Amino acid sequence: MTKTRDSHEGQHPAVTASPRVFSGIQPTSDSFHLGNYLGALRHWVALQQTHDPIYCVVNQHALTVDPSPADLHRRTRASLAQLVALGVDPDRSVLFVQSDVPEHAQLTWVLECLTGFGEASRMTQFKDKSAKGGADRSSVGLFTYPMLMAADILLYQTHVVPVGEDQRQHLELTRDLAARFNAKYGETFVVPEPHIVKETGRIVDLQNPTGKMSKSTATENSLVNVLDTPKQMSKKIKSAMTDSIGVVSFDPDNQPGVANLLTILGSITDRDPESLVADYAGKGYGALKVDTADAVVAVFEPIGNRTRELLDDPAELDKIMDRGAERARVIAADTLAKVYRAIGFDGRDAGRPAVSSRE
């Protein structure tokens, strides 16, 4: 029988009152965007009500895109501040920065030694990214990225992981590694399951509605950032590419730009995009754009204001980061010590607390 006790306070990591969920996001830009929010981050907030949540700014993963030190430092703090501002509660969730918990890197090495070279070579994201940039220019870190992701998840004895299609293969590897370790060394890890959240229609580029909204392909007006000003948000949405048909209908194949606006508005107002069509009978695209812009601004403006408050109070942000790291390490250190003992390391020093030295 599963025991019930308060989450994260001196408990065995596999013993939780609710299923444990883990998710992370990279700090690869100064602001999250609309696609991040609708596709993932708002679900993080909702999962706090039903799960035992652990959320992470995965800044070690961000090294694979070679950011400058100043950019990585600034974006990491901005990412954590935005998560708090949009509703991730540091009291309800364990919220931390990946590099503050050294057990992630320590477990990664163990999992790398358990992963076959051919198995790692078959990871689709590595093949795609190395094909674009050239194999000689691809880092070993990009190659071993899935093993670090597996360590992120397995350290916390995670039951469920929210995944999109682009990460599904990595989660399957994580499950395989957990089962492989358990079979070889004894029951150590929870084998995580994918968590399928309520589907949000694909949010596409505002200026190129054939491609998804993404920082990597963004132009000035192609995506809405969480930290844009209300004026910037409205301008971008009102200048979104539509078509010359002139009738509002939900037809992603023939009217992808209009369908995108309906998807955004429907996601924010919790309505099926097809049900919105009747509201615009006899109206042009302008009315749809105005309503969509107003809905986005209503959600993002307070998030932006709260984010800026946190960034203007570095001591408070440091406090949130330090507390999150301490809570994460209670769980991660327990798992790592168990792993170390299982593989033949002594394990007595695994997870020894480090001295915080934020500046």
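In this text, all values refer to a predicted model and were calculated from it rather than measured experimentally.

## Examining the overall build of the protein chain
Reasoning step 1: Counting its secondary structure elements, the protein chain contains 13 helices and five strands.
Reasoning step 2: Within the protein chain, buried positions represent 48% of all 359 residues.
Reasoning step 3: Sequence separation of at least 24 residues holds for 73% of the intrachain contacts in the protein chain that already meet a minimum separation of 6.
Reasoning step 4: Of the roughly 17000 Å² of accessible surface on the protein chain, 52% is carried by carbon and sulfur atoms.

## Quick notes on the UniProt feature "binding site: L-tryptophan" (unreviewed entry) in the protein chain
Reasoning step 1: Those residues carrying the UniProt feature "binding site: L-tryptophan" (unreviewed entry) are Asp-152 in this numbering.
Reasoning step 2: Inspection of the secondary structure puts Asp-152 in helix 7 (residues 145–154).
Reasoning step 3: According to the relative accessible area criterion, Asp-152 is buried, its value standing at 2%.
Reasoning step 4: Among all residues touching Asp-152, those that are not within four sequence positions of it are Phe-22, Val-58, His-61, Gln-98 and His-104.
Reasoning step 5: Separated by 2.9 Å, the side chains of Asp-152 and Gln-98 make a polar contact.

## Concerning the pattern of salt bridges
Reasoning step 1: As enumerated under the stated definition, the model contains 14 salt bridges in all.
Reasoning step 2: Put simply, Asp-52 and Arg-20 hold a salt bridge, and the shortest N to O gap is 3.0 Å. With a gap of 32 residues between them, Asp-52 in strand 2 (residues 52–57) and Arg-20 in strand 1 (residues 20–25) connect regions that are remote in the sequence. Pair check on accessibility: Asp-52 and Arg-20 agree, each one buried.
Reasoning step 3: When the shortest N-O distance is used, the salt bridge between Asp-318 and Arg-77 registers 2.8 Å. One end of the pair, Asp-318, is in helix 13 (residues 314–343); the other, Arg-77, is in helix 2 (residues 69–85), and 241 residues separate them in sequence.
Reasoning step 4: Here Asp-318 falls in the buried class, since its relative accessible area comes to 16%.
Reasoning step 5: What you see here is one network of salt bridges that share partners, running through Asp-30, Asp-71, Arg-74 and Arg-75.

## Observations regarding unusual backbone geometry
Reasoning step 1: Unlike most non-glycine residues, Asp-66 shows phi in positive territory, near 55 degrees.
Reasoning step 2: Within the secondary structure, Asp-66 is located in the loop between strand 2 and helix 2.
Reasoning step 3: On the accessibility criterion, Asp-66 (66% relative accessible area) is exposed.
Reasoning step 4: Unlike most non-glycine residues, Asp-270 shows phi in positive territory, near 60 degrees.
Reasoning step 5: By the secondary structure assignment, Asp-270 is in the loop between helix 10 (256–269) and helix 11 (273–276).

## Let's talk about the packing of helix 10 against helix 12 (residues 285–311)
Reasoning step 1: Between helix 10 and helix 12, whose axes approach to 9 Å, the crossing angle comes to 40 degrees. Judged on the interaxial angle alone, helix 12 and helix 10 are oblique. Classified by chirality, the crossing of helix 12 by helix 10 is left-handed. Where helix 10 approaches helix 12, its residues Val-258, Leu-261, Leu-262, Ile-264, Leu-265 and Ile-268 are matched on the opposing element by Tyr-285, Leu-288, Lys-289, Asp-291, Thr-292, Ala-295, Val-296 and Val-299.

## Overview of the packing of aromatic side chains
Reasoning step 1: As enumerated under the stated definition, the model contains eight aromatic pairs in all.
Reasoning step 2: Where Phe-22 meets Tyr-156, the ring centres are 5.7 Å apart and the plane angle is 5 degrees; that geometry is what we call stacked. With a gap of 134 residues between them, Phe-22 in strand 1 and Tyr-156 in the loop between helix 7 and strand 4 (160–162) connect regions that are remote in the sequence.
Reasoning step 3: Feature note: the residues Phe-22, Phe-96 and Tyr-156 constitute an aromatic cluster, connected by ring pairs.

## Quick look at the pairing of strand 2
Reasoning step 1: Taking burial as the measure, the six residues of strand 2 include six buried ones, the bulk of the element.
Reasoning step 2: Burial along strand 2 is two-sided: the face carrying Asp-52, Ile-54 and Cys-56 and the face carrying Pro-53, Tyr-55 and Val-57 are both buried.
Reasoning step 3: As defined by bridge partners, strand 1 adjoins strand 2 across six bridges and the pair is classed as parallel. If you follow Phe-22 over to strand 2, its bridge partner there is Ile-54.

## Quick look at the environment of Glu-220
Reasoning step 1: Mapped onto the elements, Glu-220 comes out in the loop between strand 5 (193–195) and helix 9 (230–238).
Reasoning step 2: By relative accessible area, which is 65% here, Glu-220 ends up exposed.
Reasoning step 3: C-alpha separation for the pair Glu-220 and Lys-236, spaced 16 residues apart in sequence, amounts to 8.4 Å.

## Concerning the nonpolar core
Reasoning step 1: Formed by 50 residues in total, the largest nonpolar core has its most connected members in Leu-34, Leu-80, Leu-83, Val-224, Leu-288, Val-296 and Phe-300.
Reasoning step 2: Two domains each donate at least three residues to this core, and these are domain 1 (20–200 + 314–338) and domain 2 (230–311).
Reasoning step 3: If we skip the residues at most four places from it in the chain, Leu-34 touches Met-213, Val-224, Ile-264, Val-296 and Phe-300.
Reasoning step 4: Within the second largest apolar cluster, 36 residues are counted, among which are Phe-22, Ala-120, Ala-151 and Ile-153.

## A closer look at helix 9
Reasoning step 1: Of all the positions in helix 9, only Met-233, Ser-234, Lys-236 and Ile-237 are classed as buried. The buried residues of helix 9 occupy an angular sector of 165 degrees when the element is viewed end-on, so they sit on one face. Among the exposed residues of helix 9, those oriented more than 90 degrees off its buried face are Lys-231 and Lys-235.
Reasoning step 2: Among the structural elements, helix 10 and helix 12 are those in contact with the buried residues of helix 9.

Quick notes on the rules
Residues numbered from 1 in each chain as written. Predicted model: local features only at pLDDT ≥ 70, side-chain atom pairs only at ≥ 80, totals over all residues. Heavy atoms only, no water. Helix = DSSP H or I, 4+ residues; strand = E, 2+ residues; numbered from the N terminus. Buried < 20%, exposed > 50% of the residue type's maximum accessible area, 1.4 Å probe, protein only. Contact = heavy atoms within 4.5 Å. Areas by Shrake-Rupley, 256 points an atom, 1.4 Å probe, with all protein chains shown as cover. UniProt positions renumbered as here; feature names shortened; annotations may be inferred. Polar contact = N/O pair within 3.5 Å; in protein donor to acceptor, adjacent residues only side chain to side chain. Salt bridge = Lys/Arg side-chain N within 4 Å of Asp/Glu carboxyl O. Axes fitted to C-alpha atoms, helices over the stretch in contact; angles between N-to-C directions. Parallel < 35°, antiparallel > 145°, perpendicular 65-115°, else oblique. Left-handed = near helix turned anticlockwise from the far one by under 90°. Phe/Tyr/Trp six-rings, centres within 6.5 Å; stacked < 30°, edge-to-face > 60°. Pairing = 2+ DSSP bridges. Core = buried A, V, L, I, M, F, W, Y, C linked by side-chain atoms within 4.5 Å. Domains from an automatic or database assignment. Arc of directions from axis to C-beta.

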